[in-house]
Amino acid sequence: RIREHGAENAYFPLLIPKSFLSKEAEHVDGFAKECAVVTHHRLCADPNGEKGLIADPDAELEDPLIIRPTSETMIWYMFKKWINSHRDLPLKVNQWANVMRWEMRTRPFLRTSEFLWQEGHTAHATAEGALDDSRAMLEQYASLCEELLAMPVVKGVKSPSERFAGAEETFTIEALMQNGWALQSGTSHFLGQSFGKAFDVTFQDKEGKQQEVWGTSWGVSTRLLGALIMTHSDDAGLVLPPRVAPVQAVVVPIPPKKNDEEGKAAMEKSLDDLVASLKAEGLRVKVDDRDYVRNGAKYFEWERKGVPLRIEIGPRDVKNGVCIFKYRAGSGDKETIQLGGAASAASAGLDAMQTNLYEAAKDRLAAGITMDATYEEMKEALESDEAGTYPGNGLFLVPWKCDAENEDKIKEECKATIRCYPLNVNEAGMAEGKKCFYSGDDATHMALFGRAF
């Protein structure tokens with residue numbers, strides 16, 4: 001999808017000179033507290049013999065290096081070299097990389113000091129081109145979540161105080177976890193001309209005049225793994241939507257008795273035919289024929305790992321020309337399926353499971369958004385809402401007058417933040433004629449408040 005969007009894959013250095021980061025004031029302010037800094041280029045033994053290895057005092061760098069928290073500054077440094085004419089635009093690059101943001105409190109998959117992501121960066125001749133690019137990638141991320149991860153999202157824009165450092169607008173997708181907390185699951189930023197000006201990136205337009213470029217950046221990270229886990233899983237373990245499950249169907253054969261050679265031959269043929277037919281349907285299949293693990297332990301293992309479909313086949317099933325299906329999500333009942341139609345049944349069943357997971361999550365999202373609450377009602381619901389409480393009190397869609405000071409007060413009073421200004425309700429003018437639920441002034445937006453990871 002990124003290639004279809006017109007971006008080429010590239011890779012940029014992990015270590016960014018501090019002087020680069022300092023060129024864009026808002027950007028450096030936004031990331032300064034999270035930066036890991038390389039100050040020396042070698043170690044040496046402590047001459048006093050007390051501390052083992054130490055940073056060599058003679059190897060201090062003149063310009064310290066920042067382990068990339070994001071790559072705007074490095075990439076815009078290169079854009080200056082690559083962009084000269086309007087014919088060079090738009091320029092779109094993407095890299096798959098690790099980044100470092102020093103976190104004081106980490107959560108697995110959600111907020112870690114080092115994480116993996118893709119980050120796209122684009123340069124455009126016009127503001128309209130850059131804005132269109134930002135919105136288009138937001139739609140791609142929403143589609144990724146909904147079509148592949150079976151995870152519905154709210155598409156919106158961040159409030160000014162929640163924007164990406166250095167951006168003029170941040171578009172976001174917000175998902176609702178089963179505990180009622182929100183999770184920012186992807187962002188796309190309209191950067192305006194800030195990075196172009198900071199790195200003096202200009203181009204000659206069709207009339208021969210020098211113009212400054214407009215930029216965007218966009219990315220999703222391994223945080224989506226956390227979103228996937230918390231959206232669908234249950235007390236028995238992972239629940240993986242079939243479209244993204246590494247193994248979509250696991251076949252657990254129950255072997256015949258040791259001396260039953262005829263039964264073994266029949267089992268091998270039925271098993272081979274079953275696996276071949278499943279693979280012919282395009283399914284990702286694994287056969288668990290470990291003879292040192294009991295069947296019950298196998299069932300438990302694959303259920304915990306979230307494999308969408310378990311297929312059991314034993315000697316009696318082979319004689320009857322059937323196998324047994326057990327889906328990870330749904331009614332939990334076992335189904336007896338004819339071997340001849342097992343592959344098509346599995347394909348249809350997995351499609352149905354994908355749809356059902358999405359619909360269940362969509363219903364939770366709809367039920368988890370409270371409309372027209374007063375501030376006191378929201379405060380009472382959220383001030384003591386903890387991450388481990390299920391199902392939690394969810395999100396609140398309320399009329400709001402954009403005010404950073406009041407936004408900070410609400411965060412202090414009940415730990416709630418503005419997740420976004422949802423695009424659909426704000427573009428429809430839903431805030432018009434309403435009063436802010438906090439200040440009582442005329443509302444400027446409909447805002448989605450909630451606790452968040």
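In what follows, the structure referred to is the one given above.
This one's a predicted model, so the numbers in the text were calculated from it and none came from an experiment. (Residues numbered from 1 in each chain as written. Predicted model: local features only at pLDDT ≥ 70, side-chain atom pairs only at ≥ 80, totals over all residues. Heavy atoms only, no water.)

### Points about the overall build of the protein
Here is the rule we go by: Helix and strand assignments follow DSSP, with helices taken as H or I runs no shorter than four residues and strands as E runs no shorter than two, numbered in order from the N terminus. Buried means the residue's accessible area, taken with a 1.4 Å probe over protein chains only, is under 20% of the maximum for its type, while exposed means over 50%, and partly exposed covers the values in between. The contact criterion used is simple: two residues touch if any of their non-hydrogen atoms lie within 4.5 Å. By the counting scheme adopted, Arg and Lys are positive, Glu and Asp are negative, and His together with the chain ends is not counted. Lysine's charge is taken at NZ, arginine's at CZ, aspartate's at CG and glutamate's at CD.
Across its full length, the protein holds 13 helices and 23 strands. For the protein, the spread of C-alpha atoms along the three principal axes comes to 80 × 65 × 60 Å. By the burial criterion, 49% of the 453 residues in the protein qualify as buried. Counted over contacts in the protein with a minimum sequence separation of 6, partners at least 24 positions apart contribute 69%. Here the protein contributes 54 positive and 70 negative side-chain charges, whose respective centroids are spaced 5 Å apart.

### Section: the pattern of salt bridges
Opposite charge on two side chains lets them pair, provided their charged atoms get close. Formally: For salt bridges, the criterion is a side-chain nitrogen of Lys or Arg within 4 Å of an Asp or Glu carboxyl oxygen.
Per the stated rule, a full pass over the model turns up 22 salt bridges. For K92, the salt bridge identified is with D133, shortest N-O distance 3.1 Å. Residue K92 is located in strand β7 (residues 91-100), and its partner D133 is located in helix α4 (residues 127-148); the two are separated by 41 residues in the primary sequence. Given the relative accessible area of 3%, D133 is considered buried. Of the charged contacts in the structure, one is a salt bridge between R111 and E103, with a shortest N-O distance of 3.5 Å. Its relative accessible area of 33% is what places R111 among the partly exposed residues. Within this structure, D288, R290, K298, E301 and K305 form a network of salt bridges that share partners.

### Comments concerning helix α10 (residues 342-367)
To keep it simple, the criterion reads: Multiplying one less than the number of residues by 1.5 Å gives the expected span of a helix.
The end-to-end C-alpha distance of α10, which contains 26 residues, comes to 37 Å, matching closely the 38 Å that a straight helix rising 1.5 Å per residue would cover. Among all positions in α10, only A342, A343, A346, S347, G349, L350, M353, Q354, L357, Y358, A361 and L365 are buried.

### Remarks on a negative patch on the surface
Selection criterion: Put simply, a patch holds well-exposed residues, over 30% relative accessible area, that have no salt bridge, with like charges counted together within 9 Å and Val, Leu, Ile, Met, Phe, Trp or Tyr side chains within 5 Å. Only the protein chains shown count as cover for residues, and the accessible areas themselves come from Shrake-Rupley with a 1.4 Å probe.
Side chains of E376, E377, E380, E383, D408, E412 and E413 sit close together on the surface and give a patch of like negative charge. Put simply, the parts of the chain that give the negative patch at least two residues each are α11 (375-382) and α12 (404-414). Among the structural elements, E376 can be located in helix α11.

### Notes on the packing of helix α7 (residues 261-280) against α10
Basically, it comes down to this: Working convention: axes come from line fits to C-alpha atoms, limited for helices to the stretch in contact. Angles between N-to-C directions cover 0 to 180 degrees. For this classification, under 35 degrees means roughly parallel, over 145 means roughly antiparallel, 65 to 115 means roughly perpendicular, and everything else is oblique. Crossing chirality is assigned from the near helix's rotation relative to the far helix, an anticlockwise turn below a right angle marking it left-handed and a clockwise turn marking it right-handed. Charged residues are taken to be Asp, Glu, Lys and Arg, nonpolar residues to be Ala, Val, Leu, Ile, Met, Phe, Trp, Tyr, Cys and Pro, and polar residues to be all remaining types, Gly included.
Relative to each other, α7 and α10 sit at 45 degrees, their axes nearing to 8 Å. The orientation of α7 with respect to α10, classified from their angle, is oblique. Of the two possible hands of crossing, α7 and α10 adopt the one that is right-handed. Contacts from L274, S277 and L278 of α7 reach α10 at A342, A343 and A346. Residue composition of the contact of α7 with α10, by class: 5 nonpolar, 1 polar and no charged.

### Overview of unusual backbone geometry
Here the amide bond leading from L89 into P90 is cis, since omega sits at -5 degrees, within 30 degrees of zero. Summarising the element assignment, P90 is placed in the loop between α3 (72-82) and β7. Positioned with a positive phi, D200 is a non-glycine residue whose angle comes to about 55 degrees. Following the sequence through the fold, D200 ends up in the loop between α5 (194-198) and β12 (202-204). Given a relative accessible area of 46%, D200 falls into the partly exposed group.

### So, the environment of Q140
Positionally, Q140 belongs in helix α4. Separated by 135 residues in sequence, Q140 and H5 have C-alpha atoms that sit 9.1 Å apart.

### What to know about the sheet that holds strand β9 (residues 154-157)
Filter applied, for reference: The pairing criterion is simple: DSSP has to find at least two bridges between the two strands.
Sheet architecture is open: 11 strands sit in the order β1-β7-β8-β14-β11-β10-β9-β22-β23-β21-β20, paired in mixed fashion. The open sheet has two edge strands with one neighbour each: β1 (8-9) and β20 (369-371). Across 8 bridges, the pairing between strand β8 (residues 114-124) and strand β14 (residues 214-221) is antiparallel. Within β14, the position partnered with T122 by the bridge is T216. Lying over the sheet, α4 contacts β7, β8, β9, β10 (169-176), β11 (182-192) and β14, oriented at roughly 10 degrees with respect to β14.

### Quick word on the packing of aromatic side chains
Basically, it comes down to this: The criterion for an aromatic pair is that two Phe, Tyr or Trp rings (for Trp, the six-membered ring) have centres within 6.5 Å, with stacked assigned to planes under 30 degrees apart, edge-to-face to planes over 60 apart and tilted to the rest.
Within the structure shown, the criterion is met by 16 aromatic pairs. Here W76 and F79 contribute two aromatic rings whose centre-to-centre distance is 5.1 Å and whose plane-to-plane angle is 70 degrees, an arrangement assigned as edge-to-face. Of this pair, W76 and F79 are both found in helix α3, 3 residues apart, which corresponds to roughly one turn of the helix. Take W76: its relative accessible area is 1%, and that puts it in the buried class.

### Section: the packing of α11 against α12
Put simply, α11 and α12 touch, their axes get as near as 9 Å, and they point 45 degrees apart. It follows that α11 is oblique to α12 by the angle criterion. Counted together, Y375, M378, K379 and L382 of α11 and I410, E413 and C414 of α12 form the full contact between these two elements. Its residues assigned to classes, the contact of α11 with α12 comprises 5 nonpolar, no polar and 2 charged.

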